[in-house]
Amino acid sequence: MPTFFDERRPHDGLTYADYLDQWTAAAEAPLDGLDKRERKLLYYTRYNLERSQQVHAAYEPSPALQAVVAT
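Scope of this entry: the structure provided in the associated data block.

## Side note on the overall build of the chain
Alright, step 1. Helix and strand counts for the chain come out as three helices and zero strands.
Alright, step 2. Listed N to C, the secondary structure of the chain is α-α-α in terms of helices and strands.
Alright, step 3. Expressed as a percentage of the 71 residues in the chain, the buried residues total 6%.
Alright, step 4. Split by element, the accessible area of the chain, about 6,400 Å² in all, is 58% carbon and sulfur.

Pasting the structure below:
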């Protein structure tokens, strides 16, 4: 059985906090100088970040999930 999770993130990937920081920075980019397609993609980035923040604020993991993650 793989031990990936037992080793507590044994890779050089992003933490969740780093991921959110990068996403937020991308969403805060100025619209100046962007073509129509780039403006549309930035709009979706901002919209999806807002939706994600709403879900994050409202989500409460079940006690069972909290217990499993804590071990």
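Structure shown, so let's carry the discussion forward.
## Quick word on the packing of helix α1 (residues 16–27) against helix α2 (residues 36–58)
Alright, step 1. Packing of α1 against α2 brings their axes to within 9 Å, and their N-to-C directions diverge by 140°. When the axes of α1 and α2 are compared, the pair comes out oblique. In this structure, α1 crosses over α2, and the sense of that crossing is left-handed. In this structure, α1 contributes Tyr16, Trp23, Thr24, Ala26 and Ala27 to the contact, and α2 contributes Leu42, Thr45, Arg46, Asn48, Leu49, Ser52 and His56.
Alright, step 2. Here the residues of the contact of α1 with α2 are counted per class, giving six nonpolar, five polar and one charged.

## Looking at the packing of aromatic side chains
Alright, step 1. Here the structure, examined in full by the defined rule, presents four aromatic pairs.
Alright, step 2. Here a set of aromatic residues connected by ring pairs shows up, and it is made of Tyr16, Tyr19 and Trp23.

## Re a nonpolar patch on the surface
Alright, step 1. There is a patch of nonpolar side chains on the surface, built from Val55, Tyr59, Leu65 and Val69 and spanning about 410 Å² of accessible area.
Alright, step 2. Structurally, the position occupied by Leu65 is in helix α3 (residues 63–70).

Thresholds applied
- Residues numbered from 1 in each chain as written.
- Predicted model: local features only at pLDDT ≥ 70, side-chain atom pairs only at ≥ 80, totals over all residues.
- Heavy atoms only, no water.
- Helix = DSSP H or I, 4+ residues; strand = E, 2+ residues; numbered from the N terminus.
- Buried < 20%, exposed > 50% of the residue type's maximum accessible area, 1.4 Å probe, protein only.
- Areas by Shrake-Rupley, 256 points an atom, 1.4 Å probe, with all protein chains shown as cover.
- Axes fitted to C-alpha atoms, helices over the stretch in contact; angles between N-to-C directions.
- Parallel < 35°, antiparallel > 145°, perpendicular 65-115°, else oblique.
- Left-handed = near helix turned anticlockwise from the far one by under 90°.
- Contact = heavy atoms within 4.5 Å.
- Nonpolar A, V, L, I, M, F, W, Y, C, P; charged D, E, K, R; others polar.
- Phe/Tyr/Trp six-rings, centres within 6.5 Å; stacked < 30°, edge-to-face > 60°.
- Patch = residues over 30% accessible without salt bridge, like charges linked within 9 Å, V, L, I, M, F, W, Y side chains within 5 Å.
- Salt bridge = Lys/Arg side-chain N within 4 Å of Asp/Glu carboxyl O.

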